[in-house]
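# Descriptive structure summary
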Amino acid sequence: GAGVSQSPSNKVTEKGKDVELRCDPISGHTALYWYRQRLGQGLEFLIYFQGNSAPDKSGLPSDRFSAERTGESVSTLTIQRTQQEDSAVYLCASSKGQDHADTQYFGPGTRLTVL
Amino acid sequence: GNSVTQMEGPVTLSEEAFLTINCTYTATGYPSLFWYVQYPGEGLQLLLKATKADDKGSNKGFEATYRKETTSFHLEKGSVQVSDSAVYFCALGERGSNYQLIWGAGTKLIIKP
């Protein structure tokens, strides 16, 4: 079956521009996560959506970052006025959202380069 | 707060060597524990997991046992292959949480033929 998909796979932008990253979760998965992975680093949690509940935005590094999700479908992560330190791979994952032991399924990521 | 600590990499081994990647955790409750793997050029994927104390997760020849007394979940494999070269992440998911995982920093494994 279809896994988690993300687009674009690569994005090169100039400092100060806005970017929008997209994530299509696995159908039926109520939980959706965004992470950031800088080169050679671990995963940094950004934001979490669970069904129709208010999202957990505690990991967003600044107010330049925002994310939306419509119901239990597509999510977009928007970074405004990009900075060079925003360069990283942005990963999206989804899970059934039923139990703390649920497996998270990851997309291939979007590699963002801010020049 | 909850945390996960992994041994730093890179870990470099010869093919057929025995592998151990250490992972210890701090948690207030009774978490589930995971190992995820990121092969070169591929996305993160679950390798194995254990949901309660003394459980052993296993997959692809890898094993990890949930040790509550030592708060550890070390990853082991008896005989590694070049194809095992990847970055391995230990993670923790706590009961009653909003299903977030707490991630270790990752350990890069390099297997030489």
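It should be noted that the structure appears before, not after, this text.
This write-up is about the structure you can find in this document. Nothing here was measured: the structure is a model prediction, and the numbers come from that model.

## Regarding the interface of chain A and chain B
In this complex, chain A contributes 21 residues to the contact, which on the side of chain B involves 22 residues. Buried surface at the junction of chain A and chain B, summed over both partners, amounts to about 1600 Å²; 55% is from carbon and sulfur atoms. There are zero salt bridges connecting chain A and chain B. Across the contact surface, chain A and chain B share four residue pairs in polar contact (both at pLDDT 80 or more).

## Quick look at the nonpolar core
As a rule of thumb, nonpolar side chains are buried together in soluble globular proteins. Counting residues in each nonpolar core, the largest one holds 25 residues, and the members touching the most others are Trp35, Leu47, Leu48, Phe62, Phe73, Leu75 and Tyr88 of chain B. At the level of elements, β3 (19-21), β4 (23-26), β5 (32-38), β6 (44-50), β8 (62-65), β10 (86-93) and β12 (107-112) of chain B are the ones that each hand at least two residues to this core. Of all the elements, β10 of chain B adds the most residues to this core, at four residues. Setting aside its immediate chain neighbours within four residues, Leu47 of chain B contacts Trp35, Tyr36, Val37, Asn59, Lys60, Phe62, Leu75 and Tyr88 of chain B. In terms of nonpolar packing, the next biggest core, distinct from the first, is built from 20 residues, Leu21, Ile47, Leu60 and Ala67 of chain A among them.

## Points about the pairing of strand β7 (residues 56-59) of chain B
Residue and element names in this part refer to chain B. Two strands pair when backbone bridges link them, and β7 and β8 are joined in this way by four bridges, in the antiparallel orientation. Residue Gly57 lies in a different strand from β8, and its bridge partner there is Ala64. Connecting β7 to the antiparallel partner β8 that follows it, the hairpin turn spans two residues, and Lys60 within it adopts a positive phi of roughly 55 degrees.

## Some words on the state of the cysteines
Residues and elements named next belong to chain A. Tallied over the full model, the rule gives two disulfides over all chains. Covalently, Cys23 is tied to Cys92 through a disulfide, its sulfur atoms 1.9 Å apart. Sign of the S-S torsion, about -65 degrees for the bond between Cys23 and Cys92, identifies this disulfide as left-handed. On the criterion of sequence distance, the pair formed by Cys23 in strand β3 (residues 19-24) and Cys92 in strand β8 (residues 88-95) is long-range, its members being 69 residues apart.

## A closer look at the sheet that holds strand β7 (residues 75-79) of chain A
Residue and element names in this part refer to chain A. Taken in spatial order, the four strands of this open sheet run β1-β3-β7-β6, and their pairing is antiparallel. The open sheet has two edge strands with one neighbour each: β1 (5-7) and β6 (65-69). Each adjacent strand pair in this sheet contributes to an overall mean axis angle of 15 degrees, direction not counted. Here β3 pairs with β7 via five bridges, running antiparallel. Along β7, the bridge assignment pairs Glu20 with Thr78.

Conventions and cut-offs
Residues numbered from 1 in each chain as written. Chains lettered and ligands numbered in written order. Predicted model: local features only at pLDDT ≥ 70, side-chain atom pairs only at ≥ 80, totals over all residues. Heavy atoms only, no water. Contact = heavy atoms within 4.5 Å. Buried area = accessible area lost by both parts, 1.4 Å probe. Salt bridge = Lys/Arg side-chain N within 4 Å of Asp/Glu carboxyl O. Polar contact = N/O pair within 3.5 Å; in protein donor to acceptor, adjacent residues only side chain to side chain. Core = buried A, V, L, I, M, F, W, Y, C linked by side-chain atoms within 4.5 Å. Buried < 20%, exposed > 50% of the residue type's maximum accessible area, 1.4 Å probe, protein only. Helix = DSSP H or I, 4+ residues; strand = E, 2+ residues; numbered from the N terminus. Pairing = 2+ DSSP bridges. Disulfide = S-S within 2.5 Å. Axes fitted to C-alpha atoms, helices over the stretch in contact; angles between N-to-C directions.

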